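Residue-level structure breakdown
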Amino acid sequence: MGHDFVLQLSGIHKRFGGVPALRAAHLEVRPGEVHGLVGENGAGKSTLINIATGLLRADEGEILFEERKVRFATPRQAAAAGIAVVHQEADLFAQLSIAENMLLARGLVRGPGGLINWPGTYRRAAELVSSMGEQFNVRDPAGGLSVARRMMAEIAAAVSEKARVLFLDEPTSSLASKEIKNLFAQIRCLREAGVGIVYVSHRLEEVLEICDRVTVMRDGETVETRPTEGLTMEAVVGTMVGRELGHVFSKRRVSIGDVRLSVQNLTARDGSFSNISIDVRAAEIVGLYGFVGAGRSEFAQALFGVSRPASGVVAIDGRPVAIRQPRQAVSNGLAYLPEDRLVQGVFRNQSLRTNASVASLGRLSRFGLVRRREERALAERVIRDMNVRAASQEQPLGTLSGGNQQKVVFGRWQATAPKVLLLDEPTRGVDVGAKQEIHKLIGDLAEQGTAILLISSELPEIMAMSDRVVTFSEGRKTGEFSPEKDGEEAVAAAAVPRAVEEGTAQAPTPARRLAAGMLRFREAGLLGFILLLSGVMAGLRPEGFANARNLLDILASAALPAIMAQGAMLIICTGGIDISVGSMMGLICAWAAMAAKAGWPPTLCLALAVVLGVSCSLLNGGTALLARIHPIIVTLAGISIYRGLMRIVTAGKEVTLLPDGYRALADGTILGIPKLCYYVLGVTIVTHVMLRYTLPGRRMLALGNSETAARLIGLSKTRSTLLVFAVSGALVGLAAVLQAGYYGKVQANTGSGLELKAIAAAVIGGTNILGGRGSALGTLLGAFLVALLYNMLILLEASSYWQSIFVGGLILLAVVLDALLERLRGASA
Amino acid sequence: MIQRLLLAREAVLFYVLLAMGAVFAIAVDGFLDAFSLLERTRYWAIPGMMAVPMTFIIATAGIDLSVASIVAMSGIVLGLLFRDAQLPIAVAAGAAVLAGLSAGAFNGWASSYLRIPPLVVTLATMALFRGVAMGLSKAQPISDFPDGLLWLGQGNIVRLGSDLYLPTPFAALLIAVALGWVLMRRSWVGRFTECIGENEMAAEFAAIGVRRLKMALYAGCGLVCGLAALFNTGLYATAKADTANGMELEVIACVVIGGTRISGGQGSVIGSLLGLCIIGILRYGLEMAGVRSQYVVIVVGALLIVTAVFNEWIARRRGVKG
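Residues numbered from 1 in each chain as written. Chains lettered and ligands numbered in written order. Predicted model: local features only at pLDDT ≥ 70, side-chain atom pairs only at ≥ 80, totals over all residues. Heavy atoms only, no water.

As for the overall build of chain A
Let me state the cut-off plainly: Under the DSSP-based scheme used, a helix requires at least four consecutive residues in state H or I and a strand at least two consecutive residues in state E, with every element numbered from the N terminus. Buried, partly exposed and exposed residues are distinguished by accessible area as a fraction of the type maximum, computed with a 1.4 Å probe on protein chains only: under 20%, between the cut-offs, and over 50%, respectively. Any two residues having at least one pair of non-hydrogen atoms within 4.5 Å are treated as being in contact.
The helix and strand inventory of chain A stands at 33 helices and 24 strands. Along the first, second and third principal axes, the C-alpha set of chain A runs to 95 × 75 × 50 Å. Out of the 829 residues in chain A, the part that is buried amounts to 56%. Sequence separation of 24 or more characterises 72% of the internal contacts of chain A that already satisfy a separation of 6 or more.

Description of the pattern of salt bridges
Condition: Each salt bridge in this description consists of a side-chain nitrogen of Lys or Arg and a carboxyl oxygen of Asp or Glu lying within 4 Å of one another.
On inspection of all chains with the given rule, the structure shows 40 salt bridges over all chains. Ionic pairing is found between Glu394(A) and Arg353(A), a salt bridge with its closest N-O pair at 2.9 Å. Note that Glu394(A) is positioned in the loop between α14 (372-386) and α15 (402-414) and Arg353(A) in helix α12 (residues 352-357), a separation of 41 residues in sequence. The class for Arg353(A) is buried, based on a relative accessible area of 8%. A salt bridge links Arg42(B) to Glu39(B); its shortest N-O distance comes to 2.9 Å.

A look at the interface of chain B and chain A
Threshold: In this description, buried area is defined as the sum, over both parts, of the accessible area (probe of 1.4 Å) that is lost when the two are combined. In the analysis that follows, any N or O atom pair within 3.5 Å is treated as a polar contact, provided that within protein one partner can donate a hydrogen and the other can accept it, and provided that, for residues neighboring in sequence, both atoms belong to side chains.
With 63 residues of chain B in contact, the opposing surface of chain A contributes 68 residues. Roughly 5700 Å² of surface becomes buried between chain B and chain A when both sides are summed, with 73% attributable to carbon and sulfur atoms. On the chain B side of the interface with chain A, the three residues burying the most area are Arg186(B), Arg191(B) and Phe205(B), jointly 13% of the side's total. At the junction of chain B with chain A, the criterion picks out 14 residue pairs in polar contact (both at pLDDT 80 or more).

Brief notes about a positive patch on the surface
How we decide: For patch detection, residues must exceed 30% relative accessible area and be free of salt bridges, and they are connected within 9 Å for like charges or within 5 Å for nonpolar side chains (Val, Leu, Ile, Met, Phe, Trp, Tyr). Note on areas: these come from Shrake-Rupley sampling with a 1.4 Å probe, and a residue is covered only by the protein chains present in the view. Positive charge is attributed to Lys and Arg, negative charge to Asp and Glu, and no charge count is given to His or to the chain ends. Charge coordinates come from a single atom per side chain, which is NZ of Lys, CZ of Arg, CG of Asp or CD of Glu.
Together, Arg269(A), Arg308(A), Arg324(A), Arg823(A), Arg115(B) and Arg211(B) make up a positively charged patch on the protein surface. Looking at where Arg269(A) falls in the secondary structure, it is placed in the loop between β11 (259-267) and β12 (276-281).

Observations regarding the sheet that holds strand β2 (residues 19-29) of chain A
Residue and element names in this part refer to chain A. Rules: Here a strand pair is declared whenever DSSP counts at least two bridges between the two strands. Axes here refer to lines fitted to C-alpha atoms; in helices the fit is confined to the stretch in contact. Angles between the N-to-C directions go from 0 to 180 degrees.
Spatially, β2-β1-β4-β5 is the arrangement adopted by the four strands of the open sheet, whose pairing is antiparallel. For this open sheet the edge positions go to β2 and β5 (68-69), each flanked by a neighbour on one side alone. Here strand β4 (residues 60-65) runs beside β5; their pairing, made up of two bridges, is antiparallel. For leucine 64, the partnering residue across the bridge sits in β5 and is lysine 69. Strands in contact with helix α1 (residues 45-52) are β1 (7-16), β2 and β4; relative to β1, the strand with the most contacts, it is inclined by about 115°.

Some details on the packing of aromatic side chains
Put simply, the test is: Any two of the Phe, Tyr and Trp rings considered here, Trp counted by its six-membered ring, make a pair once their centres fall within 6.5 Å; the pair's planes then place it as stacked at under 30 degrees, edge-to-face at over 60, or tilted in between. Working rule: Lys NZ or Arg CZ, within 6 Å of ring centre, within 35 degrees of ring normal, means a charge sits over the ring.
The full count for this structure, using the stated rule, is 16 aromatic pairs over all chains. Taking 5.7 Å as the distance between ring centres and 50° as the angle between the ring planes, the aromatic pair formed by Phe299(A) and Phe472(A) counts as tilted. Separated by 173 residues along the polypeptide, Phe299(A) in helix α9 (residues 296-304) and Phe472(A) in strand β21 (residues 468-473) bring together distant segments of the chain. Summarising the aromatic geometry, the rings of Tyr336(A) and Phe205(B) are spaced 6.0 Å apart at their centres and angled 35° between planes, so their arrangement reads as tilted. Separated into two different chains, Tyr336(A) in strand β16 (residues 334-337) and Phe205(B) in helix α9 (residues 200-205) make up a pair that spans both. An aromatic cluster is built from Phe304(A), Tyr336(A), Trp413(A) and Phe205(B), whose rings are joined through pairwise contacts. Sitting over the ring of Trp118(A), Arg692(A) keeps its end group 4.4 Å from the ring centre. When the ring centre of Tyr790(A) is taken as reference, the NZ or CZ atom of Lys757(A) above it lies at 4.7 Å.

Considering the side chain of Arg9(B)
Residue and element names in this part refer to chain B. Along the chain, the position of arginine 9 falls in helix α1 (residues 2-27). There is no salt bridge for the buried arginine 9, and the closest opposite charge comes from glutamate 10, which lies 8.1 Å off by N-O distance. What arginine 9 contacts, discounting residues up to four positions off in sequence, is Val256, Ile257, Gly258, Gly259, Thr307, Phe310 and Asn311.

Quick notes on helix α27 (residues 675-693) of chain A
Residues and elements named next belong to chain A. Stated formally: By definition here, a helix of n residues has an expected span of 1.5 Å times n minus one.
An ideal rise of 1.5 Å per residue puts 27 Å on 19 residues; α27 measures up with 27 Å between its terminal C-alpha atoms. The set of residues buried in α27 consists of Lys675, Leu676, Val680, Val683, Thr684, Thr687, Met690 and Leu691. In this structure, the buried side of α27 is in contact with α22 (548-573), β23 (669-670), β24 (673-674), α28 (695-705), α30 (717-743) and α32 (776-795).

Regarding the packing of helix α23 (residues 581-597) of chain A against helix α25 (residues 631-650) of chain A
Residue and element names in this part refer to chain A. Stated precisely, the cut-off is as follows: For this classification, under 35 degrees means roughly parallel, over 145 means roughly antiparallel, 65 to 115 means roughly perpendicular, and everything else is oblique. Note on convention: the crossing is left-handed when the near helix lies turned anticlockwise from the far helix by less than a right angle, right-handed when the turn is clockwise. In this count, Pro and Cys sit with the nonpolar residues alongside Ala, Val, Leu, Ile, Met, Phe, Trp and Tyr, while Asp, Glu, Lys and Arg are called charged and the others, Gly among them, polar.
One can describe the packing of α23 onto α25 by two numbers: an axis separation of 8 Å at closest approach and a directional angle of 20°. Classed by the angle they form, the pair α23 and α25 counts as roughly parallel. The handedness of the crossing between α23 and α25 comes out as left-handed. Seen from α23, the contacting residues are Gly582, Ser583, Met584, Gly586, Leu587, Ala590, Trp591 and Met594; seen from α25, they are Ile639, Tyr642, Arg643, Leu645, Met646, Val649 and Thr650. The class makeup of the residues in the contact of α23 with α25 is 10 nonpolar, four polar and one charged.

A look at a nonpolar patch on the surface
All names here are of chain A. Among the surface-exposed residues, Phe529, Leu532, Val536, Leu540 and Leu796 lie close enough to one another that they form a single nonpolar patch of about 440 Å² accessible area. Mapped onto the fold, leucine 796 is located in the loop between α32 and α33 (803-825). The partly exposed category is assigned to leucine 796, whose relative accessible area is 34%.

What about the pairing of β1(A)?
Residues and elements named next belong to chain A. Summarising the sheet, β1 and β2 pair through seven bridges and their orientation is antiparallel. Bridge pairing links phenylalanine 16 to valine 19 in β2. Taking the residues between adjacent antiparallel strands as the criterion, β1 and β2 are bridged by two residues, where glycine 17 takes a positive phi near 55°.

Side note on the packing of helix α3 (residues 67-83) of chain B against helix α4 (residues 89-112) of chain B
All names here are of chain B. The geometry of α3 relative to α4 is characterised by a closest axis approach of 8 Å and an angle of 150° between their N-to-C directions. In terms of their interaxial angle, α3 and α4 are classed as roughly antiparallel. In this structure, the crossing between α3 and α4 has a hand that is right-handed. Taken together, the residues of α4 that come into contact with α3 (itself represented by Ile70, Met73, Ser74, Val77, Leu78, Leu81 and Phe82) are Ile89, Ala92, Ala93, Ala95, Ala96, Ala99, Gly100, Ala103, Gly104 and Asn107. Taken together, the residues of the contact of α3 with α4 break down into 13 nonpolar, four polar and no charged.

A look at the sheet that holds β12(A)
Residues and elements named next belong to chain A. Strand order across the open sheet formed by four strands is β12-β11-β14-β15, with antiparallel pairing between neighbours. Every interior strand has two partners, whereas the edge strands, β12 and β15 (319-321), have only one. Taken pair by pair, the neighbouring strands of this sheet meet at an average axis angle of 20°, ignoring direction. Relative to the sheet, α9 contacts β11, β12 and β14 (311-316), its axis offset from that of β11 by approximately 115°.

Things to note about the confidence of the model for chain B
Under the convention used in this document: A residue's pLDDT is the predictor's confidence in that residue, given on a scale from 0 to 100.
Averaged over chain B, the pLDDT score is 91; the fraction of residues at 70 or greater is 97%. Here the prediction assigns the complex a pTM of 0.90, and the interface score ipTM is 0.90.

Below, the structure written as structure tokens:
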């Protein structure tokens with residue numbers, strides 16, 4: 001091969017909404033080297049990686065891969081070409097197996113007829129995993145796996161695609177030292193094999209240990225690239241942080257008052273921070289510095305009541321407080337400016353006025369009514385004090401620039417006159433002018449006596465503004481510094497993360513194991529439950545229950561919901577729903593029956609029914625997709641539309657006296673077993689094969705698990721959605737023909753209520769109502785269970801009028817149980 | 001700006017209403033009979049008053065499919081307590097409203113605190129509450145209600161002119177709309193509702209009590225459904241378990257036609273009122289013109305879909321985010 005560089009990025013410029021993220025950045029990676037990439041938060045590392053791996057397009061600049069100019073439109077393209085990336089916080093398909101997560105995009109092992117060969121796939125995944133020195137069950141759902149293992153699996157999968165360049169983004173932040181050693185061994189193997197590895201990390205010691213060369217980025221520029229031979233950490237830190245603030249900010253001398261906020265030993269429930277003790281005094285600015293993952297935002301959010309800490313004491317003005325919700329935080333005098341303004345702070349379509357006043361509305365209201373004059377005055381004050389550039393306070397906030405939006409959200413909290421103000425990255429993504437203004441505001445607030453906790457990843461900003469700087473690393477407080485006496489390097493060095501000694505594996509609790517067991521063997525459990533109930537009924541009503549006639553009735557009443565439930569299950573798997581299938585079925589039932597009466601041969605009627613079903617269903621799904629609205633509205637209207645059409649088609653009359661040939665499609669037995677059973681079995685098997693063994697089926701499930709992850713690997717939501725509605729429609733058509741054939745007539749209310757039975761069957765059978773998980777066998781058993789329960793109600797002479805309650809209650813029960821079991825097992829994305 | 005957008009929408013709805021009215025007045029004999037129109041408003045008032053809380057619920061990006069079932073259940077509670085438990089009508093009415101409130105509170109609790117999507121919860125309770133109504137009443141209608149209750153549905157509240165009166169249910173509807181408008185436009189309830197619908201996480205961070213408010217909205221919806229049941233029972237002089245069948249579609253259609261987007265973030269009570277009038281006039285006009293009810297119901301369903309799509313299209317064109 002003998003290229004000088006396997007990957008070269010040069011002259012890369014990228015702006016986000018006017019704010020530059022990268023300025024003529026460059027990176028050169030040699031084959032068979034481990035190349036470190038370091039820089040503070042906001043230096044541009046993530047943006048550069050995203051451009052290199054095809055997630056973003058550079059505004060300017062060139063990418064050369066193996067000395068050929070390349071342009072990637074999607075990450076999939078980049079990966080297929082040989083540039084792979086493993087993120088720490090990747091979106092994954094939580095309910096699908098690890099093996100599938102690894103191989104769905106890259107190639108599941110196929111068998112005869114193009115069907116998926118699962119033993120082969122699991123074997124391949126297991127091989128890849130063990131080649132990384134790991135041992136775990138690749139059949140387990142990915143959501144329950146620790147971050148470390150997920151990452152190893154991802155690396156193995158990326159490597160399997162013959163990646164020539166591999167980007168590792170913060171690979172060790174969740175690993176124990178043993179796992180890190182293993183990872184380094186694998187990295188060295190890859191290096192021997194000629195792969196160019198880009199190792200992005202804040203853990204400078206590790207970078208110096210494993211990397212051959214290191215590139216330092218700062219403020220969107222590549223500052224320097226050097227061999228790591230003989231390089232010290234202090235030197236790297238110095239290159240990372242050495243720069244000017246851009247303007248002079250001098251904090252005025254204010255006498256610092258009493259302690260306003262006192263935190264003792266605060267520890268998070270999820271391990272993001274532990275044993276933090278901090279005091280903040282009136283008129284004092286305490287800076288909190290650290291890198292990504294240090295736990296600073298989680299700490300501030302726990303103080304503000306967004307999350308509940310596991311232990312610790314928080315006191316305001318000397319009084320201990322228990323803050324469980326943001327509302328309580330505010331009434332105790334706290335305010336929190338969120339880190340991610342777009343997701344956590346801004347209501348883009350609401351007016352500036354609303355955004356400014358939202359935290360103060362309670363105070364501004366009397367008898368529940370907002371006093372408009374005072375609200376407008378508050379908004380005016382915010383505009384004035386924050387120097388917001390806006391045409392009017394009625395303007396939607398989204399029309400303002402990022403800096404002005406930030407100022408409004410800042411003003412929102414300032415208007416609550418807090419005693420303690422928690423600022424999380426207040427100047428992130430904000431232009432220089434606005435930054436200056438915000439700094440001045442912070443200074444003014446401190447002067448007025450507010451206690452301020454300033455979280456920032458910009459060292460010059462924190463050093464210039466804070467009276468004291470506290471460093472966070474890996475969820476712990478690692479130091480306290482005085483900007484006057486201590487230098488930037490010392491502070492930065494204290495913030496550099498280091499590996500922790502204890503392991504990260506969690507042993508599953510007994511409750512967890514039980515939940516996992518119940519979920520995995522759900523179908524067996526359902527079957528057992530059905531048999532149990534049958535046994536009980538046989539005992540309670542020996543003549544009524546256990547005779548052929550009754551069992552046939554149960555079978556018949558289960559058959560049609562069972563068929564339609566498979567369609568409902570598929571739609572739910574992709575994250576949608578169709579509640580019009582009952583009325584649709586009634587319409588098709590009438591139409592096909594009338595065609596039969598008009599002399600059409602039975603098979604043609606069946607074909608008509610299927611075509612009608614597919615068309616109606618595609619209309620439902622297609623309209624919702626095109627208009628980008630949730631299918632509920634379309635299918636809700638569909639109920640009335642199909643019911644109305646049915647009445648028109650039948651002219652309000654029953655359809656009876658159907659020709660024998662038509663009825664023979666559904667009625668009667670073959671080899672002593674009712675024909676309906678064959679249909680049900682056939683549909684169940686086909687659905688099962690489709691869902692489990694074909695790519696379209698797996699894509700449906702992937703889409704239902706995570707739309708973003710699905711899009712990232714190039715799956716088309718449109719295709720999967722339309723396919724799933726088409727299949728459901730075909731099944732509705734089939735059920736319609738069978739309904740008329742078996743019962744011999746079509747009435748005005750034929751089909752009504754079937755959609756609920758279908759959904760109930762699917763949910764009982766283990767389909768996740770939110771999408772991403774489904775089972776054809778489970779759905780079949782669910783339909784059978786519902787029919788059995790109905791039969792029990794009748795035989796036990798319970799009022800038939802309570803049946804409707806059953807279906808509703810079953811759905812609720814099944815959904816709640818499901819959610820509880822999932823949470824216990826811990827398989828959340 | 002959002003307010004301006006909606007205002008334009010409400011104006012457009014008004015024009016549409018006028019245009020429809022004009023078309024029907026010309027094309028259909030006897031349409032413009034003030035007396036008949038006013039009588040018709042009795043029937044509009046039931047879904048209409050339910051559309052007010054539904055506007056808030058949809059504005060939070062939620063939905064309540066069980067409203068019609070709650071009406072049925074409350075009506076049966078009213079009837080049974082009055083007939084079988086021999087309670088005075090006022091007490092039975094209070095209990096019926098309470099039943100509605102509890103039903104709504106359950107919806108709210110299951111969706112806000114158990115975190116089950118409101119669509120799923122109310123789909124299930126739609127069947128559940130209807131079943132309760134069926135079971136309690138054994139599918140038998142209950143009648144023989146006192147005049148006081150009948151007045152709620154069939155009576156009039158004030159004289160408008162010679163021979164013209166304002167029907168009680170319609171007056172109640174107007175009060176409901178007025179209260180709803182005040183809540184949405186002038187009170188923090190409406191403001192917080194819109195914020196929750198637009199960005200629930202930001203609403204949490206803005207110290208809005210999201211779960212409490214959502215639960216209260218669903219409970220309030222149940223309460224209004226209970227009240228609607230009183231008017232409904234009075235109007236038909238009967239409490240039946242299958243009353244208000246399919247009414248959830250109409251109620252949601254009022255809200256969607258009124259301009260409120262399914263994805264939430266803003267809501268217009270006046271719009272819902274206009275939506276109600278449009279559906280009502282459309283139904284009334286078509287029926288007077290001799291169009292059979294099965295066609296009318298298709299038209300309403302199609303109108304709902306078309307309007308929902310149109311709402312989204314307009315919002316995207318105006319650059320509304322999300």
